[in-house]
Number of protein chains: 2
Amino acid sequence: MQGIVLISVAMCLVPSLGWAQTPQRCKSPDLFTGGITVATQDEKVYAVGKYAYDAINQRIHLGEMGTYDHKNFTYEVLMLYKEGVMYMIHRHNQTCEKVALQSKFTPLEVPLDASFMSQVVLGTLAYPEQGLVVNVWTGQMPDNSGTYMMSFTELGCLPVSGFFQPKTNGHGMRSHSYFDNVLGVKDPDAFVPPPFCQSAKLKVNRDGKRADFFSVFQ
Amino acid sequence: MQGIVLISVAMCLVPSLGWAQTPQRCKSPDLFTGGITVATQDEKVYAVGKYAYDAINQRIHLGEMGTYDHKNFTYEVLMLYKEGVMYMIHRHNQTCEKVALQSKFTPLEVPLDASFMSQVVLGTLAYPEQGLVVNVWTGQMPDNSGTYMMSFTELGCLPVSGFFQPKTNGHGMRSHSYFDNVLGVKDPDAFVPPPFCQSAKLKVNRDGKRADFFSVFQ
């Protein structure tokens, strides 16, 4: 059952010289929070939690991560891309790892090189509030490590799901699902390392593991 | 990338003696059409096509099935549960297989024994038409062959997705995604076997395979 719990263009629609019905690329709102599930096809990775996303200051906070199947990553992760630092925060024992981020900030948006795949309606448009129009885009990962398929709401450009198929099999397809999105951030402190992180020494990497958004879930 | 392109209760809400916020079980509309994808975790099965669903007369039509990855099931399937018959229709060569259905009609609804898992918002409710409220239910398959997780729109009770995890691994988790749903059926002929099926002899099974909704995709 792992993996997939569940998945706008209008905000960024500009007069198109092409086929007017083709959705235009779009960028998600700069500041929002929501829930996220991350899973891999081999079921070795499954996590569900909350995230806070700040594209202006290039900050992502992942918190309250839960698990399935005896796996456990209940720590929080704070990624401060402008500073190039990632904090792994363990509140239960007030410990903190500070690691150099090994990737640049990638805003939630339809990538420039993405190809439009399809527009689908979840539910139905027969009645108000019974359906959602979603656009699906596909393309190659920036580092050419595989292919992706991402979906965003037609209105609002909120992420619904992302699927990443690596060239090297590894865990197999990785899926991200986004839900319960709220515009804005209720708690700006989410982006501030807690006091007990101040003494953490910067490590170049996590015991040989990469330190980026994806590696958080491995 | 296989598998997951992309999942109401209000219609059947009755005054609840329990927690008013707990979604009530619901039944999908009796007659609707839409798109469906079916995929298995091992990527051996992937199909996308259109379906027409008629709960009143217990009929399901699957048509225009497309495929991925060199697999090919472009035939149509018509399941007439009241007659206990399934037609595999190959229009390109006007051939037809007529097989005894080996399962009873199961309406699209939240099963009686299902447990409410969660309610999620796809997109956001911050603005109209940017979000969809979906309820997720889980339970055991009727034949105790595994567990399922199904999601329906909160309003309208339209299916959004279904995940089926068999006890015996087989193809691994099977996912169904429903999209582009339209209430009613544009072409009632979809439920009528074409003339060239009249001469088809009834077979007890498909060369040893089961003849039911699931087996269509194997």
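Residues numbered from 1 in each chain as written. Chains lettered and ligands numbered in written order. Predicted model: local features only at pLDDT ≥ 70, side-chain atom pairs only at ≥ 80, totals over all residues. Heavy atoms only, no water.

K.L.:
Give a description of the environment of Cys157(B) that names residues and reports values.
P.N.:
Residue and element names in this part refer to chain B. Mapped onto the fold, Cys-157 is located in the loop between strand E9 (146-153) and strand E10 (159-166). Residue classification places Cys-157 among the buried positions, given a relative accessible area of 0%. C-alpha separation for the pair Cys-157 and Met-141, spaced 16 residues apart in sequence, amounts to 20 Å. (Helix = DSSP H or I, 4+ residues; strand = E, 2+ residues; numbered from the N terminus. Buried < 20%, exposed > 50% of the residue type's maximum accessible area, 1.4 Å probe, protein only.)

K.L.:
Kindly report on the state of the cysteines, identifying the contributing residues and their values.
P.N.:
Residue and element names in this part refer to chain A. In total, this model carries 4 disulfides over all chains according to the counting rule given. A sulfur-sulfur distance of 1.9 Å marks the disulfide that ties Cys-26 to Cys-157. Here Cys-26 and Cys-157 share a disulfide; its torsion about the S-S bond, 75 degrees, makes the bridge right-handed. Linking Cys-26 in the segment before strand E1 (31-40) with Cys-157 in the loop between strand E9 (146-153) and strand E10 (159-166), this pair joins segments that are 131 residues apart in sequence. Assessed through its relative accessible area of 5%, Cys-26 is described here as buried. (Disulfide = S-S within 2.5 Å.)

K.L.:
Can you explain the interface of chain A and chain B? Please cite residues and give values.
P.N.:
Across the boundary between the two partners, chain A contributes 45 residues, which contact 44 residues of chain B. Here chain A and chain B share 0 salt bridges between them. On the surface where chain A and chain B come into contact, there are 6 residue pairs in polar contact (both at pLDDT 80 or more). Of all the secondary structure elements, the ones that give two or more residues to the side of chain A that touches chain B are strand E7 (115-123), strand E8 (131-140), E9, E10 and strand E11 (174-183) of chain A. (Contact = heavy atoms within 4.5 Å. Salt bridge = Lys/Arg side-chain N within 4 Å of Asp/Glu carboxyl O. Polar contact = N/O pair within 3.5 Å; in protein donor to acceptor, adjacent residues only side chain to side chain.)

K.L.:
Quick one: what's the story with the pairing of E8(A), residue by residue and with numbers?
P.N.:
All names here are of chain A. Extensive coverage of E8 is indicated by the burial of 8 of its 10 residues. Pairing analysis gives 7 bridges linking E8 to E9, with the strands arranged antiparallel. For Asn-135, the partnering residue across the bridge sits in E9 and is Phe-152. Following E8, the chain reverses through 5 residues before pairing antiparallel with E9; Asn-144 in that reversal takes a positive phi of roughly 60 degrees. (Pairing = 2+ DSSP bridges.)

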